[in-house]
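Observations on chain architecture
Residues per chain, in single letters:
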Amino acid sequence: MTIRKLGADELARVQSIELASGRVFADIGMAEIADEDPPTLDTLAAYQAGGRAWVTAGDDGTPIAFVLVDVIDGGAHIEQISVHPGSARRGVGAELIAHVADWARDRGLTALTLTTFVDVPWNAPYYARLGFRAVPDTELSPGLRAVRTEEGRHGLDRWPRTAMRREL
């Protein structure tokens, strides 16, 4: 497996990874999440053009996972990370996060952040195993507060969510 920048010709493949990885939420009673649309091609193109999108490619070169990153409040914010279910539970997500951490350090950023579901095993508990800690709402930076507010507007707060942070 190889981590590399997302190619402009791979945007639709990233959408299909997002759709496949989202389907597992239906199995745990979160059908609304499973039915969410993937990022638009324009959104993916903006991350790709900005150099803030990477994929893990399988042995045949086809992407099996991706990560999209923003810079928020001096940290690298993992906006989305998804692994195709057929490649899950093999350390692919952890390798992508390690790649983002290296990218962030190279730019003088101080932390990795993300928002996630509290009670989904492959969400907050997984990130805690990778060294992230939950950030109480009273300690949210302005940028993370804005992210959480926007998520609430999109209805994601129907299930417990949290922001998480890992110092670099």
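Further remarks concern the pairing of strand E5 (residues 111-117). Along a regular strand, successive side chains alternate from one face of the sheet to the other. Of all the seven residues making up E5, seven are buried; the element is thus mostly covered by neighbouring parts of the structure. Note that strand E4 (residues 75-83) and E5 share three bridges and pair parallel. The residue bridging Ala76 from the neighbouring strand is Leu112, located in E5. Between the parallel pair E4 and E5, the chain is carried across by helix H4 (residues 92-106), and the sense of this crossover is right-handed. Examined bridge by bridge, E5 and strand E7 (residues 161-167) share seven bridges and lie antiparallel to one another. In the sheet register, Ala111 faces E7, and the bridge partner there is Glu167.

Moving on to the packing of aromatic side chains. Counted under the stated rule, the structure contains six aromatic pairs. Residues Phe25 and Trp122 carry aromatic rings whose centres are separated by 5.3 Å and whose planes lie at 65° to one another, so their mutual orientation is edge-to-face. Taken together, the positions of Phe25 in the loop between helix H1 (11-23) and helix H2 (31-34) and Trp122 in the loop between E5 and helix H5 (124-129) put the pair 97 residues apart, joining distant regions of the chain. Residue Phe25 is classed as buried on the basis of its relative accessible area, which comes to 9%.

The seven strands lie next to each other as E1-E2-E3-E4-E5-E7-E6, forming an open sheet whose pairing is mixed. Lying at the two open borders of the sheet, with one neighbouring strand each, are strand E1 (2-5) and strand E6 (133-135). Pairs of neighbouring strands in the sheet enclose a mean axial angle of 35°, with direction left out of account. When E6 meets E7, the two strands line up antiparallel, connected through three bridges. Following the sheet pairing, Arg133 is matched in E7 by Arg165. Seen against the sheet, helix H3 (residues 41-49) touches strand E2 (53-57), strand E3 (63-72) and E4 and runs at an angle of roughly 75° to E3.

In this structure, Val67, Ala76, Ile78, Val100, Leu112 and Phe132 are the most contacted members of the largest nonpolar core, which totals 22 residues. For this core, the secondary structure elements donating two or more residues are E3, E4, H4, E5 and H5. The element that contributes the greatest number of residues to this core is H4, accounting for seven residues. When neighbours within four sequence positions are excluded, Ala76 is seen to be in contact with Val69, Asp70, Val100, Trp103, Ala104, Leu109, Ala111, Leu112 and Thr113. With 10 residues, the next largest nonpolar core counts Leu6, Val14, Ala53 and Leu68 among its residues.

At a closest axis distance of 10 Å, the pairing of H1 and H3 adopts a crossing angle of 115°. Considered as vectors, H1 and H3 are oriented roughly perpendicular to each other. Remark: the crossing between H1 and H3 carries right-handed chirality. Side by side, H1 and H3 meet where Leu11, Ala12, Val14 and Gln15 of the first sit next to Leu41, Leu44, Ala45 and Gln48 of the second. When the residues that make up the contact of H1 with H3 are grouped by side-chain class, the tally is six nonpolar, two polar and no charged.

About the criteria used
Residues numbered from 1 in each chain as written. Predicted model: local features only at pLDDT ≥ 70, side-chain atom pairs only at ≥ 80, totals over all residues. Heavy atoms only, no water. Buried < 20%, exposed > 50% of the residue type's maximum accessible area, 1.4 Å probe, protein only. Helix = DSSP H or I, 4+ residues; strand = E, 2+ residues; numbered from the N terminus. Pairing = 2+ DSSP bridges. Right-handed = clockwise from strand over helix to strand, strands pointing away. Phe/Tyr/Trp six-rings, centres within 6.5 Å; stacked < 30°, edge-to-face > 60°. Axes fitted to C-alpha atoms, helices over the stretch in contact; angles between N-to-C directions. Contact = heavy atoms within 4.5 Å. Core = buried A, V, L, I, M, F, W, Y, C linked by side-chain atoms within 4.5 Å. Parallel < 35°, antiparallel > 145°, perpendicular 65-115°, else oblique. Left-handed = near helix turned anticlockwise from the far one by under 90°. Nonpolar A, V, L, I, M, F, W, Y, C, P; charged D, E, K, R; others polar.

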